[in-house]
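Understanding the architecture of this molecule
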Amino acid sequence: MPAVPTSLLAAGGLTGGFALAQATKKRQLGGAVFAAGTAAAFPRWRKTVGTAGAAALTGLAIGAMGASHPLAKKIGAWPSVAVVSGVVAAAAWAAVDRRA
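Here's a quick rundown of the structure. (Residues numbered from 1 in each chain as written. Predicted model: local features only at pLDDT ≥ 70, side-chain atom pairs only at ≥ 80, totals over all residues. Heavy atoms only, no water.)

Concerning the overall build of the protein chain
The criterion, for reference: The helix and strand labels rest on DSSP assignments: H or I over at least four residues marks a helix, E over at least two residues marks a strand, and numbering proceeds from the N terminus. Only the C-alpha atoms count toward the radius of gyration. The rule for a globule is 2.2 Å times the residue count to the power 0.38. Relative accessible area decides the class of each residue, using a 1.4 Å probe on protein chains only: under 20% of the type maximum gives buried, over 50% gives exposed, and in between gives partly exposed. Pairs of residues are marked as contacts when any of their non-hydrogen atoms sit within 4.5 Å. To measure how exposed things are, a 1.4 Å probe is used in the Shrake-Rupley method; for residues, cover is taken only from the protein chains shown.
When helices and strands are counted, the protein chain shows three helices and zero strands. Reading the secondary structure of the protein chain in the N-to-C direction produces α-α-α. Taken over the C-alpha trace, the protein chain has a radius of gyration of 13 Å; the compact-globule value for 100 residues is 13 Å, and the two agree within 12%. Evaluated residue by residue, the protein chain yields a buried proportion of 30% over its 100 residues. Here the analysis covers contacts within the protein chain between residues at least 6 apart in sequence; of these, 67% occur between residues at least 24 apart. Carbon and sulfur atoms make up 70% of the accessible area of the protein chain, which totals about 5700 Å².

Given below as structure tokens:
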């Protein structure tokens, strides 16, 4: 069975984390899902683009999560999560997944 693309792991961590946090009203649970998705992608990022590249993708994911909050005030929560998840997924695909 082929591996799950890292773009889906990272974007799924963002969207799944938000969905869980919203459903349970517990932001910590959402953060745990986000962290798990990013942590699951990290080893393959590091293998493909090196430690610096993996750190950059991780930083992008963390920054995207942070950016989603002020963006949500302008366009709404779910649209914001969709935008930042798309950005992270596109970056992970371009840097790592398309090489697979």
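Some words on the packing of aromatic side chains
Quick reminder of the rule: A pair of aromatic rings is counted whenever rings of Phe, Tyr or Trp (Trp by its six-membered ring) have centres within 6.5 Å, and the orientation is called stacked for planes under 30 degrees apart, edge-to-face for over 60 and tilted otherwise.
By the definition in use, this model includes one aromatic pair. With a centroid separation of 4.7 Å and an interplanar angle of 85 degrees, the aromatic rings of Phe-18 and Trp-78 are classed as edge-to-face. With Phe-18 in helix 1 (residues 6-24) and Trp-78 in helix 3 (residues 77-95), the pair connects residues that are 60 residues apart, well separated along the chain. Looking at Phe-18, the relative accessible area reads 22%, which means it is partly exposed.

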